[in-house]
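Examining the three-dimensional arrangement
What follows is each chain in one-letter form.
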2 protein chains.
Amino acid sequence: MAKQNAQPPKGTRDFLPAYVRQRQYAISIIRQVYESYGFEPLETPTLERLEALSGKYGEEGDQLMFKVLLRGQPLVTGIEQAAVLLQQPGAVIEGRSGKTVPGAPALLADLGLRYDLTVPLARAYAAHQAELPPIFKRYQIQPVWRADTPGKGRYREFYQCDVDVVGSTSLLVEAEVASAAVECVERLGFSDFTVRLNHRGLLRAVVERAGLGPQQEVDAITAIDKLDKVGKDGVDRELAERGVAEAGRRALLELLESGADLDGVARFLAGHTEGEQALAELRRMLELSQGTAAGARIRFDIALARGLGYYTGCIFELASPKFGGSLGGGGRYDNLIGLFLGRQVPACGFSLGFERLLLLMDEGGMFPADLAALDVLLGATSEDGAGELLVAARELRALGLRVSLLPKAEKPGKLRKTAEERQARHAVWLESGRFQLWTRDGDVSMRDLERAALLEKLQGEPA
Amino acid sequence: MAKQNAQPPKGTRDFLPAYVRQRQYAISIIRQVYESYGFEPLETPTLERLEALSGKYGEEGDQLMFKVLLRGQPLVTGIEQAAVLLQQPGAVIEGRSGKTVPGAPALLADLGLRYDLTVPLARAYAAHQAELPPIFKRYQIQPVWRADTPGKGRYREFYQCDVDVVGSTSLLVEAEVASAAVECVERLGFSDFTVRLNHRGLLRAVVERAGLGPQQEVDAITAIDKLDKVGKDGVDRELAERGVAEAGRRALLELLESGADLDGVARFLAGHTEGEQALAELRRMLELSQGTAAGARIRFDIALARGLGYYTGCIFELASPKFGGSLGGGGRYDNLIGLFLGRQVPACGFSLGFERLLLLMDEGGMFPADLAALDVLLGATSEDGAGELLVAARELRALGLRVSLLPKAEKPGKLRKTAEERQARHAVWLESGRFQLWTRDGDVSMRDLERAALLEKLQGEPA
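Residues numbered from 1 in each chain as written. Chains lettered and ligands numbered in written order. Predicted model: local features only at pLDDT ≥ 70, side-chain atom pairs only at ≥ 80, totals over all residues. Heavy atoms only, no water.

Scanning chain A from N- to C-terminus turns up 16 helices and 18 strands. Relative to the globule expectation of 23 Å for 463 residues, the C-alpha radius of gyration of chain A, 30 Å, shows a markedly less compact shape. Dimensions of chain A, computed from the C-alpha atoms along their principal axes, are close to 90 × 75 × 50 Å. Per-residue burial for chain A yields a buried fraction of 59% across its 463 residues. Residue pairs at least 24 apart in sequence account for 66% of intrachain contacts in chain A once pairs closer than 6 positions are excluded. Of the roughly 18400 Å² of accessible surface on chain A, a fraction of 48% belongs to carbon and sulfur atoms. (Helix = DSSP H or I, 4+ residues; strand = E, 2+ residues; numbered from the N terminus. Rg over C-alpha atoms; globule rule 2.2 N^0.38 Å. Buried < 20%, exposed > 50% of the residue type's maximum accessible area, 1.4 Å probe, protein only. Contact = heavy atoms within 4.5 Å. Areas by Shrake-Rupley, 256 points an atom, 1.4 Å probe, with all protein chains shown as cover.)

Take a look at the structure:
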């Protein structure tokens, strides 16, 4: 038989049973924490209309988006298709036969694969607003797709685990969202991480006070974001390369050199209305967080920028020295949800770095050992007694036991080995019309049991 | 603000919280049953290489497949792209400027969205065979995509819940798979359904014995498949339209008229080796099933055809008069898995009609009422005391309670109303520095509690 290529597409993965169980374990903990905060589950389609996705993630996002070909579009196009696809209205296509067709612009694709969970939330919130509460607290755990260059911990299909609160400007929302994120990561077994806190309004004010123009804001914040990695000299070089004048660079670096605690930044921003408003929100957020799971971990960090997309207020990030990077991040974004609704709707959310967390948990041996546990591997040493095996399987399952029936006759040694491989607590097999019971721990092995005796023996086993 | 279209793509759906909870409920039951049978979870990527999907689902499948545009392909193409896309090697494209480019065939798309869970299983099994047991029992619960015409219960994105056993020819596999399927549907609350059983080898033999050529096999089976709907006269007309000669039609209809129990079919097939082999397997399957959950429901049905794709042996289907159709189906397919491996690998599986089951459960009021239950809606009548609220939320959650904190001050009446809407058992609010407790059942409402007293009151509440 000819053999076809069996590899999954570049940057995607098959999840084998042991790994699915690890993922299910992590997801069930995250879901429990989110539910305990009163977040409600939302799921949105994998496909979105391209016009709903386009322009929301910047130029890079548009490029990295997986786009779906219009249905009915032939994979290999002929002269008519080529003409339709041709951008230049005045162009003419001449086929081999001499037939000519005028060209006209047309779209090849109308749908795209979900790029994150935030734009779909905004769209779905607008579509279903009448059915949703005025303050909508939702969690969403689904895969997203980006045609990025694959690397360690970076895939083209990966899960996001988001919480968002839509419809409230209260800082209680920021405090609850950060607390839920911290609790998820703690419950997954991490202890060595902090919550970095900053404010987009504060960053804007700092940049403005340093004398930079609004068009340099993005450059400046991107440079400051690298402080941890490249140091102050590096930031200075980066700012210079991006065309920030020396006076501005000096002002920014002085601020960073000052230690840049809240009081230092307050002195730097004295009299700047928007900046002082952001400072007040940061102080309030730190104060509120004291009563939450984030309290002991949260600290102001002027160098946190969190990309530059849609954030408008507080931004925060879980940072772990172990990974040298972020375990997830979030913040307030008051201008995105409204795009589909035609009016401003405040929102604040957090996205866990799920694939990174899994990678760290795997490397750190942080998963329970018995996730794959089976209670009984059930088999027989000959093909006879298949009916008896099926009845035994049914009755053992009725006790709440997980029972895998081996459809092939095997020798006792092979059955025990298979049971060990499957992490089964017991191997049970039919041999000469009686059941033989072997237990991994070795303390209840028994021979030649009737089915009733076997059931009695395994009754009350923890399921 | 301008408003963007907020609808999800045609044939896809947003799942709002109450519905996600119903889906989660059904999935958790199905997963429990599959796990109790020792099936292990597998997940495969949403995207597959088009060449892995193509040609596996027939012409219709190729048409209904969602295909993903090559990355970097511009959405609107210019003259160079049009030329590349042009199928006819001799063709020439002339742009408005007079520039000409020779045409050459090229693919527009290289990836497709998963169309079912069986071809991905075959591919993944081949890719990871060294890491998988020789007999691999897996379950898979994931969405699939088909660009079909949407209708009631029919969507372009829908879930499949499959079990398959790869690597064994034993009929114990058929018996276990059918039993697991029955148990899932029973545990979801259905009682009024049967298991129809037939065999592809039997159908082939019947068609052959009726004197039809192999090229008429598909037509004949398709016609027989409609017996329930159109009656014998309808089947006769259908066979005639498909060009089956009268002698063949009469032989087939006589068989169907005979009642077509196993003995009747045995007489019809007497001496047909392949047919008698299939009959023996059917008798054995019925016998083995007596000890399983399928025992009381399973019956031979000559009119079951189960489409015509890849099945090779026993086929079965859960049929409910309530829905007038299938709740799921499966069977043995010994030639598909090997496509990616280059040698034959036997397999047998079942796919539940998940979306139909959900629809019926919703219509029949079969979901538990308290899936959305929240324990405490926590709020305040003024903006003061936000810190106290956060601490109370944390401590209540530490008791195992699900607590939703309302970030906006509200009057007591509004708080109670919101609690009722969220199906919360309690509303708790801070008013003048003390906690007020209201209970939906009305029996533990209390006023002016300190936080410690509140906690004591709610301790031991079922979570």
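That shown, we press on.
Okay, the packing of aromatic side chains next. All names here are of chain B. Tallied over the entire structure, the rule returns 20 aromatic pairs over all chains. Ring geometry for F15 and Y19: centres 5.3 Å apart, planes at 70°, overall edge-to-face. Looking at Y19, the relative accessible area reads 24%, which means it is partly exposed. Between Y34 and F39, the aromatic rings sit 6.2 Å apart at their centres with planes inclined by 65°, giving edge-to-face as the arrangement. (Phe/Tyr/Trp six-rings, centres within 6.5 Å; stacked < 30°, edge-to-face > 60°.)

Successive side chains on a regular strand alternate, one facing one side of the sheet and the next facing the other. All names here are of chain B. Counting buried positions along strand β17 (residues 434-439) yields 5 of 6 residues, so the element is predominantly enclosed. Sheet topology places strand β16 (residues 424-431) next to β17; 6 bridges connect them, and they run antiparallel. When the sheet's bridge partners are listed, V428 is paired in β17 with L437. Where β16 folds back onto β17 in an antiparallel hairpin, the turn is made up of 2 residues, including S432, whose phi is positive at roughly 50°. Sheet topology places β17 next to strand β18 (residues 446-449); 2 bridges connect them, and they run antiparallel. The residue bridging L437 from the neighbouring strand is M446, located in β18. (Pairing = 2+ DSSP bridges.)

A word on the sheet that holds strand β8 (residues 157-166) of chain A. All names here are of chain A. The strand order across the open sheet built from 8 strands is β1-β7-β8-β13-β12-β11-β9-β10, with neighbouring strands paired in mixed fashion. Two strands lie at the open edges of the sheet, namely β1 (40-41) and β10 (298-300), each paired on one side alone. For strand β12 (residues 325-332) and strand β13 (residues 347-352), the ladder comprises 5 bridges, and the chain directions are antiparallel. When the bridges of β13 are listed, R332 appears paired with C348. Contacting β7 (136-145), β8, β9 (194-199), β11 (314-320), β12 and β13, helix α6 (residues 171-187) runs over the sheet at an angle of about 10° to β13. (Axes fitted to C-alpha atoms, helices over the stretch in contact; angles between N-to-C directions.)

All names here are of chain B. Counting buried positions along helix α7 (residues 200-209) yields 7 of 10 residues, so the element is predominantly enclosed. What α7 keeps buried is the set R200, G201, L202, L203, A205, V206 and V207. Just downstream of α7 lies G211, where phi reads positive at about 90°.

Here the focus is the sheet that holds strand β15 (residues 403-405) of chain B. Residues and elements named next belong to chain B. In space, the 5 strands of this open sheet follow the order β15-β14-β16-β17-β18, with mixed pairing throughout. At either margin of the open sheet sits one strand with a lone partner, and together these are β15 and β18. Taken over all neighbouring pairs, the strand axes of this sheet differ in orientation by 20° on average, direction set aside. Against the sheet, helix α14 (residues 386-398) touches β14 (374-380), β15, β16 and β17, its axis set at about 165° to β15.

What follows deals with the pattern of salt bridges. One pass over the structure, following the stated rule, counts 72 salt bridges over all chains. With its nearest N and O atoms 2.9 Å apart, the salt bridge here joins A:E176 to B:R397. One end of the pair, A:E176, is in helix α6; the other, B:R397, is in helix α14, on a second chain. An identical accessibility class is assigned to A:E176 and B:R397; each is buried. (Salt bridge = Lys/Arg side-chain N within 4 Å of Asp/Glu carboxyl O.)

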